[in-house]
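# Structural description and commentary
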Amino acid sequence: MDILLKNAQIITLNENDDIIREGSIGIRGNKIDHIGSGEQDSDTGYSKVIDCKGRTVMPGFVNAHNHLAMTLFRNYADDMNLMDWLFKKIFPLEDKLTEDAVYWASLLAMVEMIKSGTTTFSDMYFFMEETARATSESGMRAVLSRGLQGESGEEGIDYRLRENLELFDKYHNSFNERIKVMLGPHSVYTCGEPYLKKVAAKSRERGIPIQIHLSETGEEVKNCINKYGKSPVKHLDSLGLLNEGTVAAHCVAVDDSDIDILAARKVNVVHNPGSNMKLASGAAPIVKMLGRGINICLGTDGASSNNNLDMLEEMRMAAYLQKVHTGDPSALPVNEVMRMATAGGAEALGFESTGSLEEGKTADIIVLNTKKAHYYPKYNIKSAIVYSGSSADVETVIIDGSLVMEGGCLVTLDEERILYETQKWASKLTE
Ligand SMILES: [Zn+2]
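Cut-off values and rules
- Residues numbered from 1 in each chain as written.
- Predicted model: local features only at pLDDT ≥ 70, side-chain atom pairs only at ≥ 80, totals over all residues.
- Heavy atoms only, no water.
- Pairing = 2+ DSSP bridges.
- Helix = DSSP H or I, 4+ residues; strand = E, 2+ residues; numbered from the N terminus.
- Axes fitted to C-alpha atoms, helices over the stretch in contact; angles between N-to-C directions.
- 1 Å grid on protein atoms, 1.4 Å probe; cavity = no way out; pocket = protein on both sides within 12 Å on 5 of 7 lines; lining within 4 Å.
- Points joined across faces, edges and corners; volume = space filled by probe spheres on them.
- Nonpolar A, V, L, I, M, F, W, Y, C, P; charged D, E, K, R; others polar.
- Salt bridge = Lys/Arg side-chain N within 4 Å of Asp/Glu carboxyl O.
- Buried < 20%, exposed > 50% of the residue type's maximum accessible area, 1.4 Å probe, protein only.
- Lys, Arg positive; Asp, Glu negative; His and termini not counted.
- Polar contact = N/O pair within 3.5 Å; in protein donor to acceptor, adjacent residues only side chain to side chain.
- Contact = heavy atoms within 4.5 Å.
- Domains from an automatic or database assignment.
- Buried area = accessible area lost by both parts, 1.4 Å probe.
- Right-handed = clockwise from strand over helix to strand, strands pointing away.

### Quick word on the sheet that holds strand β11 (residues 211–214)
The strand order across the open sheet built from 4 strands is β11-β12-β13-β14, with neighbouring strands paired in parallel fashion. Each edge of the sheet is formed by a strand with only one pairing partner; in this case those strands are β11 and β14 (296–298). Averaged over all pairs of adjacent strands, the angle between strand axes in this sheet comes to 30 degrees, irrespective of strand direction. Note: strand β13 (residues 268–271) against β14, 3 bridges, orientation parallel. When the sheet's bridge partners are listed, Val270 is paired in β14 with Cys297.

In structure tokens, the structure reads:
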């Protein structure tokens, strides 16, 4: 379907950061073939024309760190520290999960993400074939990883790595390259050294980037130093796991020498302010890392440590947290945080053809209704979206040139059925 968005205010997030006061975007196939101000000469040739009067159009959000199926544990165990929450509440429940549960929970996350303007996500979990199936159905763009855990390189635990490699062979660059696959070693505290070495070797051999939780808490760092004599960043670096394609979530408890390594290896860092605040993990030194030229992107983390997948809210929390953390109200300004939530994530996940609105780029686009009281009077539209916007303002979502939500109605997913099935699963898991 060729789509024309007309009469729109357009936040391009291109190199010049152009904002078009009133213009149009033409989409042919999955590409943006025209973007500009003023009236489009003619509507003809487009099978679908959407009048965006009073609306603002911008690139879709990229949620660069998530565990989709953890939507099933949303509001199940709150107000706990990371290790107690993980080992006492979450891991026992995860043992009861089935393929069907993960399928429906993944779809639940996708309903929430699409409705709040996210077009791309990165996921690390298990039964990932089910998430791949859900992704293909929803039309979303994704990086998928099988979460890897294990103490040694022995046979018994190799099935996880094998599943991750099978996922890569089957789904990498599938569905018009909407799906990519990475390796997903969970963390230094759930993966032993021989196991991480094995993952590093596979990553090099097959050219598959990795994503990992890294230095999420002070406790993780302390335990790692006790066990290996070095910080998690230095430990992973010594094992060859940090390089240009690596996506490291959190990086809260990192010192200057860790930051030097992350910068030198060109690691992508995912900031998860909501999860870090809720679990009292601390504030990642984002301003410092940005100053060192590290690509920072934004993620919500799983829905049970956030507890939603709302990237608009995440942008605001990121900005506020850095201001409090540095004592400087000019820290992490609007332009920077919006770039993290879009182009930063696209770059980290290898979807460089998305993340900004430019001719020739892939059409991952959202339309927000900005003709609402909380956007008035109008000064700076980017400030208005970050500081006063709401995910409920997202009306229309286009991914890979296809409409997945139009005027608030989901096109690809049956929301009613998904809510029913996930509630059924939640009752079954906790009975
Ligand atoms: Zn996580």
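### Things to note about the layout of surface pockets
Roughly 550 Å³ of internal volume is contained in the largest pocket. Lining the largest pocket are 31 residues, with Phe91, Glu94, Tyr125, Phe126 and Gln149 sitting closest to its centre. Elements with a minimum of two residues in the lining of the second largest pocket: β1 (3–11), β2 (19–28), β5 (55–59) and α14 (381–388). Class assignment of the residues belonging to the lining of the second largest pocket gives a composition of 8 nonpolar, 6 polar and 6 charged.

### Quick word on the pattern of salt bridges
One pass over the structure, following the stated rule, counts 30 salt bridges. With a closest N to O distance of 3.5 Å, Asp2 and Arg28 form a salt bridge. Residue Asp2 is located in the segment before β1, and its partner Arg28 is located in strand β2; the two are separated by 26 residues in the primary sequence. A relative accessible area of 22% places Asp2 in the partly exposed class. Judged by relative accessible area, Arg28 falls into the partly exposed class, the value being 32%. One salt bridge connects Lys424 with Glu421, and the closest N-O pair in it is separated by 3.4 Å.

### Looking at the side chain of Arg160
The topology assignment puts Arg160 in helix α4 (residues 158–171). For Arg160, which is buried and forms no salt bridge, the nearest opposite charge comes from Glu163, at a distance of 7.0 Å. In terms of polar contacts, Arg160 uses its side chain to reach the backbone carbonyl oxygen of Gln149, at 2.6 Å. Non-local contacts of Arg160, meaning those with residues more than four positions away in its chain, are made with Arg146, Gly147, Leu148, Gln149 and Tyr195.

### Some remarks on the domain arrangement of the chain
You can read the domains of the chain as domain 1 (3–58 + 365–410) and domain 2 (61–348). Averaged C-alpha coordinates put domain 1 and domain 2 at centres separated by 29 Å. Of the residues lining the interface, 26 residues belong to domain 1; the matching set on domain 2 comes to 26 residues. Both sides of the domain 1 and domain 2 interface together cover about 2,100 Å² of buried area, and 68% of this is carbon and sulfur. Summed over the three residues of domain 1 that lose the most area to domain 2, namely Val386, Tyr387 and Ile399, the buried surface amounts to 31% of that side. Linking domain 1 to domain 2 there are 1 salt bridge. Residues Asp400 and Arg141 are paired through a salt bridge, measuring 3.2 Å at the closest nitrogen-oxygen approach.

### As for the pairing of strand β16 (residues 394–399)
In summary, the side chains of a regular strand alternate between the two faces of the sheet. When you tally the buried positions in β16, you get 6 out of 6 residues, the bulk of the element. Of the pairings in the sheet, the one linking strand β15 (residues 365–369) to β16 comprises 4 bridges and is antiparallel in character. For Ile366, the partnering residue across the bridge sits in β16 and is Val397. Bridge count between β16 and strand β17 (residues 402–406): 3 bridges; the pairing is antiparallel. In the sheet register, Ile398 faces β17, and the bridge partner there is Leu403. Linking β16 to β17, which pair antiparallel, is a turn of 2 residues; within it Asp400 sits at a positive phi near 55 degrees.

### With respect to the pairing of strand β8 (residues 141–148)
Burial runs high along β8: 8 of the 8 residues are buried. On β8, burial covers both faces: Arg141, Val143, Ser145 and Gly147 on one face and Ala142, Leu144, Arg146 and Leu148 on the other are all buried. Bridge analysis of strand β7 (residues 118–125) against β8 gives 6 bridges, and the strand direction is parallel. Across the sheet, the residue bridging to Ser122 is Val143, located in β8. Crossover connection from β7 via helix α3 (residues 128–138) to parallel β8: handedness right-handed. Note that β8 and strand β9 (residues 179–181) share 3 bridges and pair parallel. Bridging from a neighbouring strand, Leu144 pairs with Val181 of β9.

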